[in-house]
Amino acid sequence: MIRILAYRFSAFGDVAMTAPVFREVLEQNPDLEIILVSRNNFRDLFEGIPNLIFKGIDIDDYKGFFGMRKLSNELIKEFNPDFIGDLHNVIRTKILDTIFKKRGFKISVLDKGKEEKEQLTDIWKLDKNPLQPTTERYADVFRELGFPVTLSHQYRPKSTIKSGIGFAPFAQHRGKMLPLEKSFEVAKLLSKKHQIFFFGGGKSEVNTLNEWVNQIPNTENFAGKLTLKEELQKISELETMISMDSANMHLASLVGTRCVSVWGSTHHFAGFLGYGQSIDDIVQVKDLTCRPCSVFGDKECYRGDWACLEEIDIQSIIDKI
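Residues numbered from 1 in each chain as written. Predicted model: local features only at pLDDT ≥ 70, side-chain atom pairs only at ≥ 80, totals over all residues. Heavy atoms only, no water.

### Observations regarding the overall build of the protein
Alright, step 1. If you tally the helices and strands in the protein, you get 11 helices and 11 strands.
Alright, step 2. Computed over the C-alpha atoms, the radius of gyration of the protein is 20 Å, within 12% of the 20 Å expected from 2.2 N^0.38 for a compact globule of 321 residues.
Alright, step 3. Projecting the C-alpha coordinates of the protein onto the three principal axes gives extents of approximately 60 × 45 × 35 Å.
Alright, step 4. Expressed as a percentage of its 321 residues, the buried residues of the protein come to 55%.
Alright, step 5. For the protein, the accessible area works out to roughly 14,800 Å², and carbon and sulfur atoms hold 49% of it.
Alright, step 6. Taken as two groups, the 42 positive and 44 negative side-chain charges of the protein have centres that lie 3 Å from each other. (Helix = DSSP H or I, 4+ residues; strand = E, 2+ residues; numbered from the N terminus. Rg over C-alpha atoms; globule rule 2.2 N^0.38 Å. Buried < 20%, exposed > 50% of the residue type's maximum accessible area, 1.4 Å probe, protein only. Areas by Shrake-Rupley, 256 points an atom, 1.4 Å probe, with all protein chains shown as cover. Lys, Arg positive; Asp, Glu negative; His and termini not counted. Charge placed at Lys NZ, Arg CZ, Asp CG, Glu CD.)

### What about empty space enclosed by the protein?
Alright, step 1. For the structure shown, the criterion picks out 2 cavities of 30 Å³ or more.
Alright, step 2. In this structure, the largest cavity spans a volume of roughly 90 Å³.
Alright, step 3. Every residue lining the largest cavity is listed: Ser265, Leu288, Cys290, Arg291, Cys293, Cys301, Tyr302, Arg303, Trp306, Ala307 and Cys308.
Alright, step 4. When the residues that make up the lining of the largest cavity are grouped by side-chain class, the tally is 8 nonpolar, 1 polar and 2 charged.
Alright, step 5. Put simply, the second largest cavity is a space of about 30 Å³.
Alright, step 6. Looking at the second largest cavity, the residues that line it are Ala16, Met17, Pro20, His250, Ser253, Leu254, Gly274 and Tyr275. (1 Å grid on protein atoms, 1.4 Å probe; cavity = no way out; pocket = protein on both sides within 12 Å on 5 of 7 lines; lining within 4 Å. Points joined across faces, edges and corners; volume = space filled by probe spheres on them. Nonpolar A, V, L, I, M, F, W, Y, C, P; charged D, E, K, R; others polar.)

### Notes on the pattern of salt bridges
Alright, step 1. This structure, assessed with the given rule, holds 11 salt bridges.
Alright, step 2. The closest approach of N and O atoms between Arg137 and Glu116, which form a salt bridge, is 3.7 Å. With Arg137 in helix H5 (residues 134-144) and Glu116 in helix H4 (residues 114-120), this residue pair connects regions lying 21 residues apart in the sequence.
Alright, step 3. Classification of Arg137 by relative accessible area gives buried; the value is 4%.
Alright, step 4. Connected through salt bridges with shared partners, the residues Glu136, Asp140 and Arg143 form a single ionic network. (Salt bridge = Lys/Arg side-chain N within 4 Å of Asp/Glu carboxyl O.)

### A word on the domain arrangement of the protein
Alright, step 1. Here the domain parsing of the protein yields domain 1 (2-145) and domain 2 (165-319).
Alright, step 2. If you average the C-alpha positions of domain 1 and of domain 2, the two centres end up 27 Å apart.
Alright, step 3. In this assembly, 26 residues from domain 1 lie in contact with 22 residues from domain 2.
Alright, step 4. Of the roughly 2,100 Å² buried between domain 1 and domain 2 on both sides combined, carbon and sulfur atoms contribute 72%.
Alright, step 5. When residues of domain 1 are sorted by the area they lose upon contact with domain 2, Asp44, Thr121 and Ile123 head the list and together hold 24% of the total.
Alright, step 6. Joining domain 1 to domain 2, the criterion identifies 1 salt bridge.
Alright, step 7. A salt bridge links Lys229 to Glu47, with the nearest nitrogen and oxygen atoms 3.2 Å apart.
Alright, step 8. Summed over the shared surface of domain 1 and domain 2, the number is 5 residue pairs in polar contact (both at pLDDT 80 or more).
Alright, step 9. Going through the elements one at a time, helix H1 (12-28), H4 and H5 are the ones with two or more residues in the side of domain 1 that touches domain 2.
Alright, step 10. Per-element tally for the side of domain 1 that touches domain 2: the top contributor is H1, with 8 residues. (Domains from an automatic or database assignment. Contact = heavy atoms within 4.5 Å. Buried area = accessible area lost by both parts, 1.4 Å probe. Polar contact = N/O pair within 3.5 Å; in protein donor to acceptor, adjacent residues only side chain to side chain.)

### Overview of the packing of helix H8 (residues 228-236) against helix H9 (residues 247-254)
Alright, step 1. Running from N to C, H8 and H9 cross one another at 70°; their axes reach a closest spacing of 9 Å. Between H8 and H9, the crossing angle belongs to the class labelled roughly perpendicular. Note on packing geometry: the crossing formed by H8 with H9 is right-handed. On the side of H8, the interface is formed by Leu228, Glu231, Leu232 and Ile235, while H9 contributes Asn248, Leu251, Ala252 and Leu254.
Alright, step 2. In the contact of H8 with H9, the residues fall into 6 nonpolar, 1 polar and 1 charged. (Axes fitted to C-alpha atoms, helices over the stretch in contact; angles between N-to-C directions. Parallel < 35°, antiparallel > 145°, perpendicular 65-115°, else oblique. Left-handed = near helix turned anticlockwise from the far one by under 90°.)

### Details of the sheet that holds strand S10 (residues 259-262)
Alright, step 1. If you walk across this open sheet you meet the 6 strands as S8-S7-S6-S9-S10-S11, and the pairing is parallel. The strands lining the two open edges of the sheet, one partner per strand, are strand S8 (219-221) and strand S11 (282-283).
Alright, step 2. Examined bridge by bridge, strand S7 (residues 196-198) and S8 share 3 bridges and lie parallel to one another. The residue bridging Phe197 from the neighbouring strand is Glu220, located in S8. (Pairing = 2+ DSSP bridges.)

### A word on the environment of Lys101
Alright, step 1. If you trace the backbone, Lys101 turns up in helix H3 (residues 91-102).
Alright, step 2. Exposure remark for Lys101: the relative accessible area of 55% places this residue in the exposed category.
Alright, step 3. Taking C-alpha positions, Lys101 is 9.1 Å from Ile84, a pair spaced 17 residues apart along the chain.

As structure tokens, this is what we get:
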């Protein structure tokens, strides 16, 4: 059995996007075993993938060069890998890469397509074209190591029981998030015909969603109540998930649930659409030449009016359901 030691430490959605890639790489290369090193709390994302061993760590235990050297020593001792796959390509993992290279390991590193993404988010550049999907970039890491893989770009339903609509109205950055008053109206309208389940995290999000449940009948709030494993199970049983361009879209892909995704200052051209999700299920303002102005939604609106989100007609979301 050939062993690849792979690492990806964050962010949550990007880590989740590696799971379907691992599954298909391992199915198509049965003599291969992957050791994934990531944060402890991401473990449940990878449950049930044959020939994948999850090594959870607390990254704060390995700070700086000496921390990375300590981690590399521990990983070599425990797993004795044949190859190294860097699925993150940040300063921390570059240090790891250097250490492993000096020890004679063959390494393949994720190409983030930084220059392409800078061009894509240039608001003065009107000619916008889709970039390589992030999942294909992950797969390239394994291809470069000599392991062929053809991604299906199809998600796999984990549950045959499908009912209710999930709604995750929050995102880490404002540029990704539909104004809350619009999201409230979406939930209110949909609740007349569907059971609505809210998802989120953090005290303020939980409080907001609790207020919504008190005001909107036929709704239930799961925010702050479920473990990651329980959340994945619940999402797998939904008929449809409504999510911003955020982690819940990727969780829906992971468990094979259709996702209607809302995009503001970001764009699926950057390669972050949920695995297997349909472009037809994207809700966005199409005729804004300044979109996308950001890959992650973390930039201020240069126009100042957040038209990419303010101009979204909530009926376009309702119509998708």
